[in-house]
Amino acid sequence: MCLPEQSARDAALAELARLDPTLLDAASLMGQITDLATFISQAQGQLSRLTATLDTTGGAAEAGHKSASAFLRTRCGLAPGRAAAVVATARGLRDLEATEKALHAGEVSFDQAQIIVQTATGLGDAAGQAEQVLLDHAPGLDTARFRQFAGEVAYRANPGAAEEREQRRWEKRHLSFGLTLGNTGMLSGTCGDALSYEIVRTAAEAFSPPGG
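Being a predicted model, the structure only gives us computed values, none of them experimental.

What about helix H8 (residues 127–137)?
Working step 1: Taken together, the buried positions of H8 are occupied by Ala-127, Ala-130, Glu-131, Leu-134 and Leu-135. Angularly, the buried residues of H8 cover 135° about the axis, an arc narrow enough to put them on a single face. Along H8, exposed side chains directed more than 90 degrees from the buried face belong to Gln-129 and Asp-136.
Working step 2: The inward-facing, buried residues of H8 abut helix H6 (97–104), helix H7 (110–120) and helix H9 (143–157).

A few points about the nonpolar core
Working step 1: Judged by nonpolar contacts, the single largest core of 30 residues is most densely connected at Leu-72, Leu-103, Val-108, Ile-116, Leu-123, Leu-134 and Phe-146.
Working step 2: At the level of elements, helix H4 (68–74), helix H5 (80–93), H6, H7, H8 and H9 are the ones that each hand at least two residues to this core.
Working step 3: Residue contributions to this core peak at 6 residues, all from H7.
Working step 4: The contacts of Leu-72, once residues within four sequence positions are left out, are Leu-47, Thr-51, Gly-77, Leu-78, Ala-83, Val-86 and Val-87.

Re the side chain of Glu-131
Working step 1: Position of Glu-131 relative to the elements: it lies in helix H8.
Working step 2: Of the side chains with opposite charge, Lys-101 lies nearest to the buried Glu-131, which makes no salt bridge, at 9.9 Å.
Working step 3: Setting aside residues no more than four positions away along its own chain, Glu-131 makes contact with Leu-96, Glu-97, Ala-98, Thr-99 and Ile-116.

Observations concerning the packing of H7 against H8
Working step 1: Between H7 and H8, the least distance of the axes is 9 Å, while the angle of their chain directions is 155°. In terms of orientation, H7 and H8 fall into the roughly antiparallel class. Seen from above, H7 lies across H8 with right-handed handedness. Contacts between H7 and H8 involve Ile-116, Thr-119 and Ala-120 from the first element and Ala-127, Glu-131, Leu-134 and Leu-135 from the second.
Working step 2: For the contact of H7 with H8, a count of residues per class yields 5 nonpolar, 1 polar and 1 charged.

Overview of the packing of H7 against H9
Working step 1: Interaxial distance between H7 and H9 falls to 10 Å at its minimum, and their mutual angle equals 15°. The orientation of H7 with respect to H9, classified from their angle, is roughly parallel. Helix-helix and strand crossings are classified by hand; for H7 and H9 the assignment is right-handed. Where H7 approaches H9, its residues Gln-112, Ile-115, Ile-116, Gln-118 and Thr-119 are matched on the opposing element by Thr-143, Phe-146, Arg-147, Ala-150 and Ala-154.
Working step 2: Its residues placed into classes, the contact of H7 with H9 shows 5 nonpolar, 4 polar and 1 charged.

So, the pairing of strand E2 (residues 185–190)
Working step 1: Little of E2 sits inside the fold, with 0 of its 6 residues counted as buried.
Working step 2: In terms of strand pairing, strand E1 (residues 174–179) meets E2 through 6 bridges, oriented antiparallel. In the strand pairing of E2, Leu-179 is matched with Gly-185.
Working step 3: Hairpin connection from E1 to E2: 5 residues lie between these consecutive antiparallel strands, with Asn-183 at a positive phi of about 65°.

Notes on the pattern of salt bridges
Working step 1: In this structure the tally under the stated criterion is 5 salt bridges.
Working step 2: A salt bridge links Arg-91 to Asp-55; the nearest nitrogen and oxygen atoms lie 2.8 Å apart. With a gap of 36 residues between them, Arg-91 in helix H5 and Asp-55 in helix H2 (residues 26–57) connect regions that are remote in the sequence.
Working step 3: Among the ionic pairs, Lys-101 bridges to Glu-97, the shortest N-O distance being 3.3 Å. Taken together, the positions of Lys-101 and Glu-97, both in helix H6 and 4 residues apart, correspond to about one turn of that helix.
Working step 4: On the basis of relative accessible area, Lys-101 is assigned to the exposed category, the value being 54%.
Working step 5: Among the charged side chains, a salt-bridge network with shared partners connects Asp-55, Arg-91 and Arg-94.

Scoring rules and cut-offs
Sequence order as written defines the numbering, with residues in each chain counted from 1. Per-residue local features of the predicted model are confined to residues with pLDDT of at least 70, and side-chain atom pairs are confined, for both listing and counting, to 80 or more; whole-chain, interface and lining totals are unaffected and use all residues. The side-chain values count all of the structure's non-hydrogen atoms but skip hydrogen atoms and water molecules. Buried, partly exposed and exposed residues are distinguished by accessible area as a fraction of the type maximum, computed with a 1.4 Å probe on protein chains only: under 20%, between the cut-offs, and over 50%, respectively. To qualify as a helix, a DSSP run of H or I must reach at least 4 residues; to qualify as a strand, a run of E must reach at least 2; elements of each kind are numbered from the N terminus. Within this analysis, the arc is defined by the directions that extend from the helix axis to the C-beta atoms. Contact definition: two residues touch when any of their heavy atoms are within 4.5 Å. Buried residues of nine kinds, namely Ala, Val, Leu, Ile, Met, Phe, Trp, Tyr and Cys, make up a nonpolar core once their side-chain atoms join them within 4.5 Å. Here the positive residues are Lys and Arg and the negative ones are Asp and Glu; neither His nor the chain ends is included. One side-chain nitrogen of Lys or Arg within 4 Å of one carboxyl oxygen of Asp or Glu is enough to make a salt bridge. The convention used is that axes are lines fitted to C-alpha atoms, helices contributing only their stretch in contact, and that angles between N-to-C directions extend from 0 to 180 degrees. Roughly parallel covers angles under 35 degrees, roughly antiparallel covers those over 145, roughly perpendicular covers 65 to 115, and oblique covers all other angles. Put simply, a crossing is left-handed when the front helix is turned counterclockwise from the back one by less than a right angle, and right-handed when it is turned clockwise. In this classification, Asp, Glu, Lys and Arg are treated as charged, Ala, Val, Leu, Ile, Met, Phe, Trp, Tyr, Cys and Pro as nonpolar, and every other residue, Gly included, as polar. One requirement defines pairing of two strands: DSSP has to find at least two bridges between them.

Listed below in structure tokens is the structure:
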């Protein structure tokens, strides 16, 4: 129960702080972690909902920020990619009411909601059907498998759009090498697909010292 001077957020954090994980068995601890992960996704859904309004009204620009994404970076400490993802998801959920409801209800994670938004965008009239198929299968798949499944759904729903999107990703491939003025070697690039990324990442991690 919240005290008069205590916000709901503070009350939730205080309740979590009182939880002693060393007193829980593995099953109870995993249950608590699952509940907390669901709550975090729901909170991220609320962050997206509020950001959608900020983005629509132009409130960030009025306060001197270049965009809602810039506000999330400079005032909220989000990494550029994460800030952009929150704004993109916020925009996408405007047209995906079922996904937004599922997110707020804790039926899908925020990451799964992002995948649904990314998949449904550009599918036109097939977006609604694709959304429902993805919502039906989300609970039984981890994020990696769900992303792969979403790609298959997008292709079946609109092969032309899916191929065009894949072609754009493929054309963005690049790999560059360089030296800084301090004689430090630099390597940067972009993979054309998730599989290529995983292959490169796996190869790099094989030669990395413990801890990355």
